[in-house]
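Coordinate analysis (summary)
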Amino acid sequence: MIPAMSVGSKSTVLESRMPKMFRAKTISPGGNIHGVLELPGDKSISHRYAILAALAEGRSEILNYSSAADCKSTLACLRRLGVGIDFERERLRISGNGLDGLKAPRRSLDAENSGTTIRMLSGVLVGQSFSSTITGDRSLRARPMRRVVEPLRKMGGKIEAQEGDRAPLEIRGGALHSIDYSLPIPSAQVKSAILLAGLYADGVTIVRETVRTRDHTELALREFGATIETVNKSVRMHSRPKLQARQLIVPGDLSSAVFFIAAALILPDSALMLHNVGLNPTRTRVLDFLISIGAAIHLASVQLRDSELIGDVSVKHSALSGGEIGGAQVAEMIDELPMLAALGPFTEKGVEIRGAQELRVKESDRIATLAAGLRRMGATVEEFEDGLRVEGRSAGPLRGAKVDAAGDHRIAMALSIAALGAKHDTVIRDADCVAVSYPEFFDTLKRLRGEGTGS
Ligand code: S3P
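A quick note: this is a predicted structure, and the numbers were derived from the prediction, not measured.

1. Focus: helix 8 (residues 254-266)
Taking 1.5 Å of rise per residue, the 13 residues of helix 8 would be expected to cover 18 Å, and the 18 Å separating its terminal C-alpha atoms lies within 8% of that figure. Most of helix 8 sits inside the fold, with 13 of its 13 residues counted as buried. With a side-chain oxygen lying 2.9 Å from the backbone nitrogen of Ser 255, the N-terminal cap of helix 8 falls on Asp 253.

What follows is the structure, given as structure tokens:
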């Protein structure tokens, strides 16, 4: 059993006096991680519950809604579509407009940094009787949208994208027909966009996958009353269900938990207990991988709540052997790859990731930003077109450095955790971007290191 809170190191996480947009964090190394943590709601599930509650009839109440800026972007877009939303302290109340009750927005919808918002809402917007434009920040406007535009056009959707199939997307609503679509690249966002458009199509929409991506949309659609089934990685959904308001609790975000799990693994004498973490099998491959390389991770109290598996996860400092990640694993733990790569220098054999070209079109080119950051910290990194290899302990310890998160939340958090095991302080530039998925990240890190909260 994991001990209760104990005091970790006296090292500090200082906030520098830079302007907000460029605020940096200084991470001092050492100490350990101890305590009990309840994570903010899962980002992926939060987006889905909000969108489906908006399309349902009646008043939904969603507890533990994610505090991520991305999930607030989804709420802002839904408000612009005439949905009544009340969000206070992780409690979200949405008065659903019904499938046909959204209103034409007076201005463009802004998904800001959120790929899930723009891609999923595109699926909703093509099915409306009005026109709309959806866009995002500079990073989002540089990300590929063909993957979602193409199948939605096949359904009869009228979408104009910018050169190179980028946002802003101008969407003219109209009649849709169902399709039977095989995803050319594994993407839960694209699968979800097609299913959401399928709500408005005639007949049965089918999405076929080669790799099973996260299935939160399917589970949430069923919770809200849609008829949907998955057989052999093919999802079939009937159109025009009557979606009904629900009361739901969002599980803790496993992708955020992984940063603290990694911190506990690398810092000696660490022990951490995480409660009510989402353990949907389409998300837990990262835990399987960590356990396979020697991580002392245990699950307890696993149960089904609102169709999602949740449970408690305990983790202790462990000797990690390292290993290779490739094939189907890549899609199954796509958001955790930055942290796993940054664990490389703390393992015996290093960590190699291949077949992960997708990382190049995330919030940043994650292969390039990770390689640059880890190299600055003294790691030996080989970069491939489709991944990277980070050498293990024999290449020497990490050292403190000034590193750039390139505005990418998961890079900022992965480098912060690596910095805990480095010699001397590390300065993470642009560290504010953690708010995209985990605004409380640095405060929680402080608390788990026994430093109390507050800045
Ligand atoms: C997400 C799916 C994944 C993931 C993203 C969230 C989702 O993206 O990387 O952070 O909520 O459906 P892709 O669909 O592009 O793989």
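2. Section: the site of the ligand
The ligand sits among Ser 44, Arg 48, Thr 116, Arg 119, Ser 187, Ala 188, Gln 189, Arg 214, Ile 334, Asp 335 and Lys 362. In the model, an oxygen atom of the ligand is placed 2.6 Å from a nitrogen or oxygen of the Ser 187 side chain. Relative to its free-state accessible area of 380 Å², the ligand is covered by the protein chains to the extent of 94%. Mapped by element, the contributors of at least two residues to the shell around the ligand are helix 1 (43-55), helix 3 (115-125) and helix 6 (188-198). When its residues are assigned to classes, the shell around the ligand shows two nonpolar, four polar and five charged.

3. Regarding the sheet that holds strand 16 (residues 234-238)
Paired through backbone hydrogen bonds, the strands of a sheet run either parallel or antiparallel to each other. Read from one edge to the other, the open sheet built from four strands follows the order 12-14-16-15, with strand pairing classed as mixed. Lying at the two open borders of the sheet, with one neighbouring strand each, are strand 12 (180-182) and strand 15 (228-231). Within this sheet the neighbouring strands show an average axis-to-axis angle of 15 degrees, counted without direction. As paired elements, strand 15 and strand 16 share four bridges and run antiparallel to each other. Residue Thr 230 lies in a different strand from strand 16, and its bridge partner there is Val 235. Most of the contacts of helix 6 go to strand 14 (residues 204-208), to which it runs at about 175 degrees, and overall it touches strand 12, strand 14, strand 15 and strand 16.

4. A word on the pairing of strand 19 (residues 296-305)
Here eight bridges tie strand 19 to strand 20 (residues 308-316), and the two strands are oriented antiparallel to one another. Paired with His 298 across the two strands is Ser 314, which belongs to strand 20.

5. A few points about the domain arrangement of the protein
Along its sequence, the protein is carved into domain 1 (25-41 + 251-448) and domain 2 (43-248). In this structure, domain 1 and domain 2 have C-alpha centres spaced 28 Å apart. Roughly 2300 Å² is buried in total at the junction of domain 1 and domain 2, and carbon and sulfur atoms are behind 45% of that figure. Together, Thr 282, Asp 306 and Val 436 form the three largest contributors to the area buried by domain 1 at its contact with domain 2, with a combined 22%. Along the contact surface separating domain 1 from domain 2 lie three salt bridges. Put simply, Glu 363 and Arg 143 hold a salt bridge, and the shortest N to O gap is 3.8 Å. Here domain 1 and domain 2 share 17 residue pairs in polar contact (both at pLDDT 80 or more) between them. Residue assignment for the side of domain 1 that touches domain 2 shows that the elements contributing at least two residues are helix 10 (328-332) and helix 13 (409-420). At three residues, helix 10 tops the list of elements feeding residues into the side of domain 1 that touches domain 2. Here the side of domain 1 that touches domain 2 is built from residues that sort into 10 nonpolar, seven polar and 11 charged.

6. Comments concerning the side chain of Thr 284
Tracing the sequence through the fold places Thr 284 in the loop between strand 18 (271-278) and helix 9 (285-292). Overall, the relative accessible area of 12% leaves Thr 284 in the buried class. Contacts of Thr 284, omitting those with residues within four sequence positions, involve Leu 254 and Leu 279.

7. Focus: the environment of Glu 352
With respect to the helices, strands and loops of the structure, Glu 352 is situated in strand 22 (residues 351-353). The exposure class assigned to Glu 352 is buried, which follows from its relative accessible area of 16%. Remark: the alpha-carbon pair of Glu 352 and Ala 341, spanning 11 residues in sequence, is separated by 7.3 Å. Contacts of Glu 352, omitting those with residues within four sequence positions, involve Gly 323, Glu 324, Ile 325, Phe 384, Leu 388 and Arg 389.

8. Quick look at the packing of helix 1 against helix 3
Running from N to C, helix 1 and helix 3 point in directions that differ by 25 degrees, and their axes come no closer than 11 Å. With respect to each other, helix 1 and helix 3 are oriented roughly parallel. Here helix 1 and helix 3 pass one another in a crossing that is right-handed. Between helix 1, through His 47, Arg 48, Ile 51 and Leu 55, and helix 3, the contact on the second element is made entirely by Thr 116, Thr 117, Met 120, Leu 121 and Val 124.

9. Side note on the pairing of strand 20
Strand 20 sits mainly inside the fold: seven of its nine residues count as buried. Bridge count between strand 18 and strand 20: six bridges; the pairing is antiparallel. Its bridge partner being in strand 20, Ala 271 is matched across the sheet by Lys 316. Linking strand 19 to strand 20, which pair antiparallel, is a turn of two residues; within it Asp 306 sits at a positive phi near 50 degrees.

Calculation criteria
Residues numbered from 1 in each chain as written. Predicted model: local features only at pLDDT ≥ 70, side-chain atom pairs only at ≥ 80, totals over all residues. Heavy atoms only, no water. Helix = DSSP H or I, 4+ residues; strand = E, 2+ residues; numbered from the N terminus. Expected span 1.5 Å × (residues − 1). Buried < 20%, exposed > 50% of the residue type's maximum accessible area, 1.4 Å probe, protein only. Polar contact = N/O pair within 3.5 Å; in protein donor to acceptor, adjacent residues only side chain to side chain. Near = heavy atom within 4 Å. Areas by Shrake-Rupley, 256 points an atom, 1.4 Å probe, with all protein chains shown as cover. Nonpolar A, V, L, I, M, F, W, Y, C, P; charged D, E, K, R; others polar. Pairing = 2+ DSSP bridges. Axes fitted to C-alpha atoms, helices over the stretch in contact; angles between N-to-C directions. Contact = heavy atoms within 4.5 Å. Domains from an automatic or database assignment. Buried area = accessible area lost by both parts, 1.4 Å probe. Salt bridge = Lys/Arg side-chain N within 4 Å of Asp/Glu carboxyl O. Parallel < 35°, antiparallel > 145°, perpendicular 65-115°, else oblique. Left-handed = near helix turned anticlockwise from the far one by under 90°.

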